Each structure stands twice: as structure tokens, then as C-alpha cells.
Amino acid sequence: SENNNEEGILGTPVTWEEFEMNLRKSLKTEATFGPRKAVTNIGDGKGFASCTGMIDCDWVGAGAEETLPSKVVLKIPSSLAFRKLNDAMPEELRAIKGGDEVWKETERSLRTAHNIEIASYEFFDDFSGLQMPHKYFGRKYTDEENGYLCVEFMENSKMMEFWETYSVDLLKQIARALGKLGACSLQKEAVDPYLHVDLFSEFMNKTFTKESYCGMYKGLLAYDSSEKTVELIEKVVKMAEIYYPSNIVMTVHKQMGFRPVLVNGDLHTGNVLINIDTGDLAAVIDWQTSHLGVGVEDLIRIMLHSLPVETRRESTDLLIEEMYNSIVANLNGAKAPYTLEQLKTVYDLVFPNCVLFFAGFAPMIMKKYENDPTLSAEDRERMGKVVIAKCLGALEDVLVIHEKNKE
């Protein structure tokens, strides 16, 4: 926690003076930050693309009728967390290999991702009742200015966790929220050029070699080296060579002639907030990799991260239908871009791409648990078993669906 000083917030270029001025302007208030203003780093170990702080504003001089947020969230693009996690891996298993030049390129990609997130929040500004935080203000990166984003702090909420298992009822809530987001984006043209950026391909081509992409899956063998798993990983590595650097999530709507919706693009458990008391969905956050596509991609990612393998397999059709019905219910006169059966087909087509990234980055997540001094050995073992089971089950499924897609 850091309180009143004149340096950049959390060691970033964003000063308290500049941040306060922008927040006051967005809230149209004459009130100012008080002496107990403070920032707490809430992103360390949780996000890979930003430095994220919770700001206690300590408002002074607010009018009797004013309702000002006591806390807000400030996000500033940064590759430091990602680099720390990547460098903790054995060199041969690192997702990103190379020196400072590679990381400079990664930093440039993250600045583009930040501008995509700003564009996404601005896109959804016109709609109400969406389960995402309210944006107070945001500034895109330019050659002259640093970018950052200030959004609502979601009270009484917490992130979902990769190592937990969640109910199908919660996933139905998420499916409905995704359906509504998709339906809203069918009612408006995405004119901001950043919503048309193929960040995935840019990141893959500049950051990953085929060797590093395919090698990520071998990291799972450190946690399960059984003969069955060794054979599975060998098959997956061969299949991954075909998919490098596939960007089907960005192109499938064009190939099938569907009008696209705005997709979050990175809907893992860390990007979904749930209510601490009820366990219900609170918000979908982190829109740095959003793009135009087919929203079922988001459903795949959150199902992979949050459901036990058998539950995921059994509930797939149910959850796709839940999402589709929500799209149709919220179209407000717009036309549905596809039928339910077509949405199920797209699910299969993009499933391998989603799984390969999901399972490929899992060893880095496991390493994070191993290095967490607050966890007991029993907790680390329990978490590891849950994560590995989800990954291996997904890789088994991807081989089956890959063959189905070829047909």
C-alpha cells in the first residue's frame, strides 16, 4: 500500500496530480483527494498485462448531494508481471524466449492491448445493464502520452480461481451475460480501428516461435509423467504444429458469413468477478484482448477454466443454448447472426485454438502456485491436481474435436 506522495502511482509514470484531475473531471466534482488517499496493488500475481491499483480517494469537500466512489481501480499497461512469471519457468519451457528486444516488442503489444480495452469500454458506454465495471475515464497510448484506465471498483466481489470448481448455475449466468453483451454489439457498428486489430496474430508472430508454442505443453509432464499423459502430449504437440499460428477466433465469422460481435477474447477465471456472499456473477473484466468474432469463444474459455472435465462435457450443449437464448432475447430489433446449430458448429471450430492456449499457459500458472509462500504444501497439491485434471481432459477432447473438424 502506498499513500500520499508525489511520485508516480505504484512506480508508474501516472502521477497523483494527473490522476486526481482526470477523475474529478469525469465525475464533474469540485471535491479533492484528502490526506489519506492511498493505493493498494491488487494486480500482483493476478494479471499478466497491467499494473493494477485500488485507489482510496478520501474525498474532501464533496457536496451534500454528491455520491462519489470511495474506491476506484486504476490500470496501467505493464509486462513486468508476465515477465516475472515467464522467467520463473525453466528456460526450455518458457512461453517467451529472448532478451530485452523481445520484451520491448511484448510491451508494444500490451500498449496496443490497452488501447483495445479503452475502445471496448467506449463501445459499451451506450448500453446499460451490462455486467462489466463502469468506466470513469480512459486514455489511449500515443507516442506523446502514456495510457491508463480508471474503472469502478466492484465492492464485495472476488475473482474466480482456476483451481476451484464452480457450478453449472454460475456458468449459466455467465453465458447469459455474454449473450447480452453480444446482442448489444449487434446493435452498433464497431468503428474504432482498435476493435479491428488482430492482436493475437501480431503477438504470436512477433513473440512466439513454433518451437516455443509447441513446447509449452511439455511443461505439463512435470506434474503428470504417466505413460498415458506422455502419449497424449506427444499427439498434442504434433497437432499444435498445425495450429501455429492459427487465428481462427479472429476469422471464423468472416469464413462463415456471420456478423461479428465484440468478444472479450481472454475470459479465464481471473477475468470474472463473483459476489463474495452469493457466488453470483458480478462482472466480466479485462477487455485488453477483445476483438470482433463469435462470442462462444468466451464461453469455451471460461468453461475450460472453471468446470470439472465431466461436468463441462455434460453441460456444453446446455450452456451454448443458454448463451444463444440470451442473444435472441436481447437483440432489440437486430437480427440474430446465426442459428443455434451454427453456433454449436463454431464452438467446435474454435475449441482447439482456445484449448491450446489454455493448456499451454497452465504450467506457468502452476509455477505461480508453487512459488506462493502463503500456500501450504497440501493446498499446492490440491490446486495442482484440479488444474492438471482440467488441462488433460481438455487436451483429450481437443484431439477428438480436431478429427471431427477435419471431417
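Here the residue numbering is sequential within each chain, running from 1 through the sequence in written order. Only residues with pLDDT of at least 70 are given local features in this predicted model, and only at 80 or more are side-chain atom pairs given and counted; all residues enter the totals for whole chains, interfaces and linings. As a rule here, side-chain values come from all non-hydrogen atoms in the structure, and water together with hydrogens is ignored.

**Q** Lay out the overall build of the chain in plain terms, naming residues and giving numbers.
**A** Helix and strand definitions follow DSSP, with helices as H or I runs of at least four residues and strands as E runs of at least two, each counted in order from the N terminus. Across its full length, the chain carries twelve helices and twelve strands. Only C-alpha atoms enter the radius of gyration, while the globule expectation follows 2.2 Å times N to the 0.38, with N the number of residues. Expected size for 407 residues packed as a compact globule is a radius of gyration near 22 Å; at 21 Å, the chain falls within 12% of this value. Overall size of the chain, expressed as C-alpha extent along the three principal axes, is 65 × 50 × 45 Å. Taking the contacts inside the chain whose residues are at least 6 apart along the sequence as the reference set, 75% of them involve residues at least 24 apart. Contact between two residues is taken to exist if any of their heavy atoms lie within 4.5 Å; hydrogens are not considered.

**Q** Got a sec to walk through the environment of W16? Specific residues and values, please.
**A** By secondary structure assignment, the location of W16 is in helix α1 (residues 16-27). For the pair W16 and F33, spaced 17 residues apart in sequence, the C-alpha separation works out to 9.3 Å.

**Q** Lay out the nonpolar core with the relevant residues and their values.
**A** Within this scheme, the nonpolar core is defined by two criteria: the residues are buried Ala, Val, Leu, Ile, Met, Phe, Trp, Tyr or Cys, and they are joined through side-chain atoms within 4.5 Å. The classification of residues rests on relative accessible area computed with a 1.4 Å probe and restricted to protein chains. Under 20% of the type maximum is buried, over 50% is exposed, and intermediate values are partly exposed. Within the largest apolar cluster, 101 residues are counted, with the highest numbers of intra-cluster contacts made by I174, Y213, Y217, L299 and L395. Of all the elements, helix α11 (residues 340-370) adds the most residues to this core, at 17 residues. Sequence-distant contacts of I174, defined by excluding residues within four places in its chain, comprise M160, L267, V272, L281 and I302.

**Q** I'd like a rundown of the side chain of N353, residues and numbers included.
**A** Checked against the element boundaries, N353 lands in helix α11. Contact partners of N353, with chain neighbours within four places excluded, come to F200, S246, I248, V249 and R301.

**Q** Would you mind going over the sheet that holds strand β8 (residues 157-159) in detail, with residue names and values included?
**A** Here, any two strands with at least 2 DSSP bridges between them count as paired. Ordered in space as β8-β10-β11, the three strands form an open sheet in which the pairing is antiparallel. At either end of the open sheet lies a strand with only one pairing partner, and these are β8 and β11 (281-284). Direction aside, neighbouring strands of the sheet carry axes that sit 30° apart on average. As paired elements, β8 and strand β10 (residues 272-275) share three bridges and run antiparallel to each other. Bridge assignment links S157 to a residue of β10, and that residue is N275. An axis is simply a line fitted to the C-alpha atoms; with a helix, the fit covers only the stretch in contact. Between two such axes, the angle follows the N-to-C directions and lies from 0 to 180 degrees. Across the sheet, helix α4 (residues 168-185) is in contact with β10 and β11; its angle to β11 comes to roughly 40°.

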